[in-house]
Amino acid sequence: MTNPHWQSDAAAKRISRRNAAERRFKLLGLGAIVLSLSFLALLLFIMLKNGLGGLDWSFLSGTDSTDPDTAGVWGATKGSLLTMFVTLLLSFPMGVLAAIYLEEFAPKNRWIDLVEVSINNLAAVPSIIFGLLGLAVFINTLDMPRSSPLVGGLTLALMTMPVIVISGRNAIKAVPPSIRDAALAVGASKVQTVFHHVLPLALPGILTGTIIGMARALGETAPLLMIGMRAFVVTPPGGVTDPSSVLPMQIFLWSDEIDTGFVQNTSAAIIVLLVFLLAMNGLAIYLRNKFEVRW
Amino acid sequence: MTETKLTARNVDVYYGPKKAIDNVSIDIDNGIVTAFIGPSGCGKSTFLRSLNRMNDTIADARVTGEILLDGEDIYAASMDPVALRARVGMVFQKPNPFPKSIYENVAYGPRIHGLAASKADMDAIVESALTKAGLWEEVKDRLSDAGTALSGGQQQRLCIARAIAVSPEVILMDEPCSALDPIATAKIEELIDELKENYAIVIVTHSMQQAARVSQRTAFFHLGNLVEYGETSEIFTNPREVKTKDYITGRYG
């Protein structure tokens, strides 16, 4: 027995209307992706067109100069690497320890709630404020050398730490409680449980969050303006206390001098920065896949 | 011929202001299997977890009264919960092997407690624990495979081997078969029967048939109270309390 309802014209019309709505939605979604990706493609195209010609060994190994033909990106790259080194050295252990403490050891009370809210807010503070803080605390109060990767790294570490804490807590929270029970039940202490079982399982998530936080710090310009890393530096920094620039700052400085023939340099430096960022994101994906435990 | 291993005297367990266990007193003997039965939410698992202080990990859980292991108060300040849990092992409802190799799963406990002086010692401990758990023949050629790759029943026996490896005196089992099929369940029950020679075993179960099959004593919990406790054969054939009778005849629960 077939139900005559499904043979009626009204039913056929309703179904075709529904299918049309379905097609419309798919097109709309596809359109959104194509639109945003085409902007990215356009950006890449313009950068490659303008910059690829200037991307040679002398550009990669040279330092800043007033002459666009001899100006290179190595000084700024080395400054970026040193700054990232300081940032990572400080923000990774601090962030991971804070995440472990908050997730596994902290008592549940109003103080800890306050700490949580503060850390979440810290992650949302505009970066220029961190720059002001760095200027006030590290340079004016603690007398550290202006324009140095040390101060830049410390300032960016303050910015990156909350990102690592938040991603670290999420990764730790995602470890099934049954694993903690299992370890405790054979007589492992709390610290053994965390370091032998919880942390290794949370590590891929923590590393991913760290690398994404570091990538954000690598592209950061505003806070470094405040601590004087926009200085014109000709010699590449020899250590973390030497005056230096960083890649995004170099791009910013050169883009100011477009009329004097720095267009190619600006675009080439952007390519270098993008390669760095892509490499870091690639590393994040690789680490996540490599260490991920399947249940 | 049996001796008392664990004694609870007037034990209350609270979760915050809520009383989950109300004035429970019970003696648990060595060398036999004691089953805790009762409807969901009656507090049997809560009480079980207070016997090795796993409730310590729950922030607002509080235990009052006395629980004695060989006459020693396990909630005394002098009792280290970490050492206690090595003496009172636990097997959980859902098999929870570490996402490490089969060998590592068993070796972890002995290693952190320093029970093996050499690699050969450790190998012997692992083999003996897996043998007692009835898993050795199935896994001896693939000890380096992931414990999580085993079947559900094998995982649960691995968890039992992991508990045995630290030479506990008591083994607590919290519905160890509820995630397993009937064949795997039968194997675990057989294993429990063999293990009772050397340990005091307490098993929480939802299945009255299971309680009847594996245990020598049964405790019936209802709404946080210990309603009746006695020989399993007595409880199931001739219960003293009406509530027990209603429960075991399937009137509720």
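This is a predicted model, so every value here is computed, not measured. (Residues numbered from 1 in each chain as written. Chains lettered and ligands numbered in written order. Predicted model: local features only at pLDDT ≥ 70, side-chain atom pairs only at ≥ 80, totals over all residues. Heavy atoms only, no water.)

**Here's the deal with the overall build of chain B**
- Check the secondary structure of chain B and you find 10 helices and 10 strands.
- For 253 residues, the compact-globule estimate of 2.2 N^0.38 gives 18 Å, and chain B sits close to it at 18 Å.
- Based on the C-alpha atoms only, the size of chain B along its principal axes is roughly 55 × 45 × 35 Å.
- Within the span of chain B, comprising 253 residues, buried residues form 54% of the whole.
- Here chain B has roughly 10700 Å² of accessible surface; of this, 49% comes from carbon and sulfur atoms.
- Side chains of chain B give 27 positive and 34 negative charges; the mean places of these two sets differ by 4 Å. (Helix = DSSP H or I, 4+ residues; strand = E, 2+ residues; numbered from the N terminus. Rg over C-alpha atoms; globule rule 2.2 N^0.38 Å. Buried < 20%, exposed > 50% of the residue type's maximum accessible area, 1.4 Å probe, protein only. Areas by Shrake-Rupley, 256 points an atom, 1.4 Å probe, with all protein chains shown as cover. Lys, Arg positive; Asp, Glu negative; His and termini not counted. Charge placed at Lys NZ, Arg CZ, Asp CG, Glu CD.)

**What about the pattern of salt bridges?**
- Tallied over the entire structure, the rule returns 22 salt bridges over all chains.
- Here Arg49 of chain B and Asp181 of chain A are joined by a salt bridge, their closest N and O atoms 4.0 Å apart. Separated into two different chains, Arg49 of chain B in helix H1 (residues 44–50) and Asp181 of chain A in helix H7 (residues 177–185) make up a pair that spans both. Like Asp181 of chain A, Arg49 of chain B is buried.
- The salt bridge involving Glu169 of chain B is made with Lys5 of chain B; its shortest N-O contact spans 3.0 Å. One end of the pair, Glu169 of chain B, is in the loop between helix H6 (152–165) and strand S7 (170–174); the other, Lys5 of chain B, is in strand S1 (residues 4–15), with 164 residues separating them in the sequence.
- For Glu169 of chain B, a relative accessible area of 25% gives the class partly exposed.
- Taken together, the salt bridges that share partners define one network made up of Lys5, Asp70, Glu72, Arg87 and Glu169 of chain B. (Salt bridge = Lys/Arg side-chain N within 4 Å of Asp/Glu carboxyl O.)

**What to know about the UniProt feature "transmembrane region" (unreviewed entry) in chain A**
Residue and element names in this part refer to chain A.
- In this structure's numbering, the residues bearing the UniProt feature "transmembrane region" (unreviewed entry) are residues 27–48, 81–102, 114–139, 151–172, 193–215 and 268–287.
- The distance from the first to the last C-alpha atom of residues 27–48 is 30 Å, and the span holds 100% helix and 0% strand.
- In the segment residues 81–102, helix accounts for 100% and strand for 0%; the C-alpha atoms at its two ends are 31 Å apart. (UniProt positions renumbered as here; feature names shortened; annotations may be inferred.)

**Re the sheet that holds strand S10 (residues 225–231) of chain B**
Residues and elements named next belong to chain B.
- Taken in spatial order, the six strands line up as S6-S7-S8-S3-S9-S10 in an open sheet, and their pairing is mixed. Of all the strands in the sheet, the pair left with one neighbour each is strand S6 (88–91) and S10. Adjacent strand axes in the sheet meet at a mean angle of 15°, parallel and antiparallel pairs treated alike.
- Where strand S9 (residues 217–222) and S10 come together, six bridges link them in antiparallel fashion. The residue bridging His222 from the neighbouring strand is Asn225, located in S10.
- Along the sheet face, H6 touches S6 and S7 and points at about 170° away from the line of S6. (Pairing = 2+ DSSP bridges. Axes fitted to C-alpha atoms, helices over the stretch in contact; angles between N-to-C directions. Contact = heavy atoms within 4.5 Å.)

**Here's the deal with the interface of chain B and chain A**
- Listed per partner, the contact involves 22 residues of chain B and 18 residues of chain A.
- Note on chain B versus chain A: buried area summed over both sides is about 1600 Å², and carbon and sulfur give 67% of it.
- Scanning the region where chain B abuts chain A turns up five residue pairs in polar contact (both at pLDDT 80 or more).
- Among the elements of the structure, helix H2 (81–87), S6 and helix H3 (102–112) of chain B are those that each provide at least two residues to the side of chain B that touches chain A.
- The class makeup of the residues in the side of chain B that touches chain A is 12 nonpolar, six polar and four charged. (Buried area = accessible area lost by both parts, 1.4 Å probe. Polar contact = N/O pair within 3.5 Å; in protein donor to acceptor, adjacent residues only side chain to side chain. Nonpolar A, V, L, I, M, F, W, Y, C, P; charged D, E, K, R; others polar.)

**Side note on the nonpolar core**
- Judged by nonpolar contacts, the single largest core of 44 residues is most densely connected at Val106, Leu130, Ile160, Met173 and Ile201 of chain B.
- It is H6 of chain B that provides the largest number of residues to this core, a total of six residues.
- When sequence neighbours within four positions are dropped, the list of residues in contact with Met173 of chain B reads Leu48, Val91, Ile160, Ile192, Ile201, Val202, Ile203 and Val204 of chain B.
- By size, the runner-up hydrophobic cluster in this structure holds 40 residues, among which are Met47, Leu135, Ile271 and Ala284 of chain A. (Core = buried A, V, L, I, M, F, W, Y, C linked by side-chain atoms within 4.5 Å.)

**Some thoughts on the confidence of the model for chain A**
- Summing up the model confidence of chain A, the mean pLDDT is 87 and the portion of residues at 70 or higher is 98%.
- Ranking the helices and strands of chain A by mean pLDDT puts H7 of chain A first, with 93, and helix H2 (residues 57–61) of chain A last, with 79. (pLDDT = per-residue confidence, 0-100.)

**Quick word on the packing of aromatic side chains**
- Summed over all chains, the structure comprises six aromatic pairs over all chains.
- Plain terms: the ring middles of Phe98 of chain B and Tyr108 of chain B are 5.4 Å apart, the flat faces sit at 75° to each other, and that makes the pair edge-to-face. With a gap of 10 residues between them, Phe98 of chain B in the loop between S6 and H3 and Tyr108 of chain B in helix H3 connect regions that are remote in the sequence.
- Look at Phe98 of chain B and you get buried, because its relative accessible area is 0%.
- Accessibility expressed as a relative area gives 5% for Tyr108 of chain B, which makes it buried.
- Taken together, Phe36, Phe47 and Phe221 of chain B form an aromatic cluster joined through their ring pairs.
- Lys190 of chain A extends its terminal NZ or CZ atom over the ring of Phe105 of chain A, reaching a point 5.7 Å from the ring centre. (Phe/Tyr/Trp six-rings, centres within 6.5 Å; stacked < 30°, edge-to-face > 60°. Lys NZ or Arg CZ within 6 Å of the ring centre and 35° of its normal.)

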